[in-house]
Amino acid sequence: MLQKGIITNVQRFTIHDGPGMRTELFLKGCPLKCEWCSNPESLKPYIEPGVYESKCISYEKCGLCVEACPEEGVLSFNEGKLTSIDRRKCTGCLACYDACPSDAIKQWGKIKTVEECMVEIRKDKGYYDRSGGGVTVSGGEPLVQSDFVAALFKACKEEGIHTCLESSFHGDWKEIQKILPYTDLIISDIKHMDRQIHEKHTGVGNEIILKNLQRIAGTDREIILRIPVIPEVNDDKANIKATADFILNDLDGKVRTLQLLSFMRLGEEKYQSLGMPYGMDHVKLDRESFQKKVGEIAAYFNHRGIHCQVGTKEKQ
Ligand code: SF4
Ligand code: SF4
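What you see is a predicted model, and the numbers here were worked out from it, not measured in a lab.

**Things to note about the site of ligand 1**
Working step 1: All residues in the neighbourhood of ligand 1 are listed as Pro49, Cys69, Pro70, Glu71, Val74, Cys90, Thr91, Gly92, Cys93, Leu94, Ala95 and Cys96.
Working step 2: In the shell around ligand 1, the residues fall into 9 nonpolar, 2 polar and 1 charged.

**What about helix H8 (residues 207–217)?**
Since the α-helix packs 3.6 residues into each turn, any two residues three or four apart lie on the same face.
Working step 1: For H8, the complete set of buried residues consists of Ile209, Leu210, Asn212, Leu213, Ile216 and Ala217. Taken end-on, H8 shows its buried residues confined to a sector of 165°, consistent with a single buried face.
Working step 2: Packed against the buried residues of H8 are helix H6 (173–179), strand E10 (185–189), helix H7 (195–202), strand E11 (222–229) and helix H9 (237–250).

**Observations regarding the sheet that holds E10**
Working step 1: Taken together, the 9 strands give an open sheet; going across it, the order is E7-E1-E2-E8-E9-E10-E11-E12-E13, and neighbouring strands pair in mixed fashion. Looking at the sheet topology across the chains shown, the edges are occupied by strand E7 (110–113) and strand E13 (308–310). Pairs of neighbouring strands in the sheet enclose a mean axial angle of 30°, with direction left out of account.

**Observations regarding unusual backbone geometry**
Working step 1: The omega torsion across glycine 139 and glycine 140 is 5°, close enough to zero to call that bond cis.
Working step 2: Within the secondary structure, glycine 140 is located in the loop between strand E8 (134–138) and helix H5 (146–158).
Working step 3: Not every positive phi belongs to a glycine, and serine 58 is a case in point at roughly 125°.
Working step 4: With respect to the helices and strands, the residue serine 58 is situated in the loop between strand E3 (48–51) and helix H1 (64–68).

**Things to note about the packing of aromatic side chains**
Working step 1: Inspection of every chain in the model, using the stated rule, returns 4 aromatic pairs.
Working step 2: Consider the rings of phenylalanine 13 and tyrosine 127, whose centres lie 5.3 Å apart with planes at 90°: the pair is edge-to-face. In this pair, phenylalanine 13 sits in strand E1 (residues 4–14) while tyrosine 127 sits in helix H4 (residues 125–131), placing the two residues 114 residues apart along the sequence.
Working step 3: Owing to a relative accessible area of 39%, phenylalanine 13 belongs among the partly exposed residues under this scheme.
Working step 4: Residue tyrosine 127 is classed as partly exposed on the basis of its relative accessible area, which comes to 37%.
Working step 5: Taking the centre distance of 5.9 Å and the plane angle of 65° together, the rings of tyrosine 300 and phenylalanine 301 count as edge-to-face.
Working step 6: A residue is classified by how much of its surface remains accessible, and tyrosine 300, at 28% relative accessible area, is partly exposed.
Working step 7: In this arrangement the basic side chain of lysine 55 is found over the ring face of tyrosine 52, its NZ or CZ atom lying 5.9 Å from the centre.
Working step 8: For arginine 130, the ring lying beneath its charged end belongs to tyrosine 127, and the centroid distance is 5.3 Å.

**Looking at the nonpolar core**
Working step 1: Leu25, Ile121, Leu225, Leu258, Leu260 and Phe301 are the most contacted members of the largest nonpolar core, which totals 65 residues.
Working step 2: The biggest single contributor to this core is H5, with 7 residues.
Working step 3: Sequence-distant contacts of leucine 260, defined by excluding residues within four places in its chain, comprise Ile227, Val229, Val294, Ile297, Ala298, Phe301, Cys308, Gln309, Val310 and Gly311.
Working step 4: Within the second largest apolar cluster, 12 residues are counted, among which are Val74, Leu75, Cys96 and Ala104.

**Some words on the UniProt feature "domain: Radical SAM core" (unreviewed entry) in the protein**
Working step 1: The UniProt record annotates "domain: Radical SAM core" (unreviewed entry) at residues 16–302.
Working step 2: Strand forms 21% of residues 16–302 and helix 35%; the C-alpha atoms that close the span are 21 Å apart.

**With respect to the packing of H9 against helix H11 (residues 287–303)**
Working step 1: Between H9 and H11, the least distance of the axes is 11 Å, while the angle of their chain directions is 35°. Remark: the crossing between H9 and H11 carries right-handed chirality. Across from Ile240, Lys241, Thr243 and Ala244 in H9, the residues of H11 making contact are Ile297, Tyr300 and Phe301.

Reading guide: rules and limits
- All residue numbers refer to positions counted from 1 along the written sequence of the respective chain.
- Chains carry letters and ligands carry numbers; both start at the beginning, A for chains and 1 for ligands, and go up in the order they are written.
- Only residues with pLDDT of at least 70 are given local features in this predicted model, and only at 80 or more are side-chain atom pairs given and counted; all residues enter the totals for whole chains, interfaces and linings.
- As a rule here, side-chain values come from all non-hydrogen atoms in the structure, and water together with hydrogens is ignored.
- Summary of the distance rule: residues count as near a molecule or strand when at least one heavy atom falls within 4 Å of that molecule or strand.
- Residues are sorted three ways: Asp, Glu, Lys and Arg are charged, Ala, Val, Leu, Ile, Met, Phe, Trp, Tyr, Cys and Pro are nonpolar, and all the rest, Gly among them, are polar.
- Accessibility here uses a 1.4 Å probe with only protein chains present; expressed as a share of the type maximum, an area under 20% marks a residue as buried, one over 50% as exposed, and anything in between as partly exposed.
- Only DSSP runs of H or I reaching four residues or more are called helices, and only runs of E reaching two or more are called strands; each is numbered from the N terminus.
- Note that the arc is defined by the directions from the helix axis to the C-beta atoms.
- Any pair of residues with heavy atoms lying within 4.5 Å of one another is described as a contacting pair.
- Strands were regarded as paired on the criterion that DSSP finds at least two bridges between them.
- To get an axis, fit a line to the C-alpha atoms, keeping to the stretch in contact for a helix; angles then go from 0 to 180 degrees between the N-to-C directions.
- Note on ring pairs: Phe, Tyr and Trp rings are taken, using the six-membered ring of Trp, and paired if centres are within 6.5 Å. Classes follow the plane angle, with under 30 degrees stacked, over 60 edge-to-face and the rest tilted.
- Placement of a charge over a ring requires the Lys NZ or Arg CZ to be within 6 Å of the ring centre, with the centre-to-atom vector within 35 degrees of the ring normal.
- Think of a nonpolar core as a cluster: buried Ala, Val, Leu, Ile, Met, Phe, Trp, Tyr and Cys residues, connected wherever their side-chain atoms sit within 4.5 Å.
- UniProt positions are given in the numbering used here, feature names are shortened, and annotations may be inferred rather than shown by experiment.
- Helix crossings are classified by the rotation of the near helix relative to the far one: an anticlockwise turn of less than a right angle makes the crossing left-handed, while a clockwise turn makes it right-handed.

Now the structure itself:
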């Protein structure tokens, strides 16, 4: 119960990542860098500050962050407003966050023990029981904090709470093995079937992910698979066919639903707060024709005998 994790957010009453009403924990740290990631605050495996320029009162009227910062020349201002933090010099001490009176500096990541998380989780036990819900751990990448996730899920199972692991499965099998005994349901993505294209858009190849999915399919866990459908990255016929072939030939009938997640421009403000470029800035799309295409992809999977839907809310 003393096991600690670094968590960016604990969200109650979620309905999209697993069945029923759920509490979802988003963990910090991820080995992938997907261009379309909507949670850039989850990428680094440590606590860090974010900057929200529009909330800054101004250096002239306040300046408390500069006074509090123990490093020289880390905080930059433009027309009086805090605009950025030099991440090479910043030690992540968060003295600026503590000093700021106006929410212009946000703390990305908090350390919590398993017991602290369980206090939050227990609040909604009645909702889980009535709705068939439970707890989902997502990220970031939960495998980066596998000991914490295993301890948390063990505590959930001891209290009869359903557990769902949402992971990219880019990680060592031995980390997955720690968590699997306490996991009821798996959610994972297939982002691209071609190794090189996968690496180009996510920073890593797909071999480890596909191998781990095959191994999980060899257990008795059910899997919800997802494809984040990204225009001109993975929505072509050859990739969709290869994905269907893999699901049918390599995953042993364990995929209970394939969910298609249509690309959305999300998280741009968070990228800005972290001083990171948004990788999908160049994408312009006609929403109506793109949604039509996503619908056609779903129809293709269903035609191949794979239960497929657009969106994350499970439909029976
Ligand atoms: S986190 Fe610490 S080092 Fe970084 S900018 Fe804030 S006060 Fe300075
Ligand atoms: S402490 Fe906050 S409000 Fe004050 S100058 Fe710094 S960022 Fe702006």
